[in-house]
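Residue strings, one per chain:
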Amino acid sequence: MLISMTACGNTQNSNNKQSNKVQTVNKMKPVKLTTADFLNKVANYETNPNEWKYLGDKPAIVDFYADWCGPCKMVAPILEELQAEYGDSIQVYKVDTEAEQELAAAFGIRSIPSLLFIPMNGQPQMAMGAMSKGDFKKAIDQVLLNKK
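What you see is a predicted model, and the numbers here were worked out from it, not measured in a lab.

Engineer: Can you walk me through the environment of Ala130 in this structure?
Structural biologist: Mapped onto the elements, Ala130 comes out in the loop between strand 5 (125-128) and helix 4 (133-144). The exposure class of Ala130 is partly exposed, given its relative accessible area of 42%. With 60 residues separating them along the chain, Ala130 and Gly70 place their C-alpha atoms 9.5 Å apart. Discounting chain neighbours no more than four positions away, the residues touching Ala130 are Pro71, Met74, Val75 and Pro113.

In structure tokens form, the structure reads like this:
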């Protein structure tokens, strides 16, 4: 759960023993990928066209989207929340299918949003269409983090 606090004025209180503690909030955000980034960070399908070889160091979700897509706009804030909640456990990537048409074609993207769930071991799984936050969490826990 992400907790946000706002305060005005002087926040120093000599009587507050907690004042010296610094609370940090995970500021991780989804990372936008170009085709070149995808080839270097996720999978190089050009050099390994017949074999999936994930290059990342943590499970990932790749969101294939377009700026004009209504369902994509509904999914985007959910993915930002999940990236913040799961922190370093997963990585969320975003691929703009309008700008990266070659990459979208390589994965056969015909409807958006399309979401590629990439576990550390095993084959990735593709989901099409908008998902609820609960469905995303279930997929992350079961497919990416192997929690049953």
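Engineer: Sorry, what's going on with the state of the cysteines here?
Structural biologist: As used here, a disulfide is simply a covalent bond connecting the sulfur atoms of two cysteines. What the rule picks out here adds up to one disulfide. Between Cys69 and Cys72 runs a disulfide, and the two sulfur atoms are separated by 2.5 Å. Between Cys69 and Cys72, the disulfide has an S-S torsion of 75 degrees and is therefore right-handed. A single burial state applies to Cys69 and to Cys72, both of which are buried.

Engineer: Can you help me understand the sheet that holds strand 2 (residues 60-65) in this one?
Structural biologist: Strand pairing in a sheet takes place through backbone hydrogen bonds and is either antiparallel or parallel in direction. Read across the sheet, five strands follow the order 1-3-2-4-5 without closing on themselves; strand pairing throughout is mixed. Each edge of the open sheet is held by one strand with a lone partner, namely strand 1 (31-32) and strand 5. In this sheet, strand 3 (residues 91-96) lies alongside strand 1 in parallel orientation, the contact comprising two bridges. From the neighbouring strand, Lys32 faces strand 3, where its bridge partner is Lys94. Taken strand by strand, helix 2 (residues 70-86) contacts strand 2, strand 3 and strand 4 (114-118), and its axis lies near 155 degrees from that of strand 3.

Engineer: Just checking my understanding: could you explain the side chain of Ser114 for this structure?
Structural biologist: Within the element layout of this structure, Ser114 appears in strand 4. Its relative accessible area of 1% is what places Ser114 among the buried residues. A distance of 2.5 Å separates a polar side-chain atom of Ser114 from the backbone oxygen of Ser111.

Calculation rules
- Residues numbered from 1 in each chain as written.
- Predicted model: local features only at pLDDT ≥ 70, side-chain atom pairs only at ≥ 80, totals over all residues.
- Heavy atoms only, no water.
- Helix = DSSP H or I, 4+ residues; strand = E, 2+ residues; numbered from the N terminus.
- Buried < 20%, exposed > 50% of the residue type's maximum accessible area, 1.4 Å probe, protein only.
- Contact = heavy atoms within 4.5 Å.
- Disulfide = S-S within 2.5 Å.
- Pairing = 2+ DSSP bridges.
- Axes fitted to C-alpha atoms, helices over the stretch in contact; angles between N-to-C directions.
- Polar contact = N/O pair within 3.5 Å; in protein donor to acceptor, adjacent residues only side chain to side chain.

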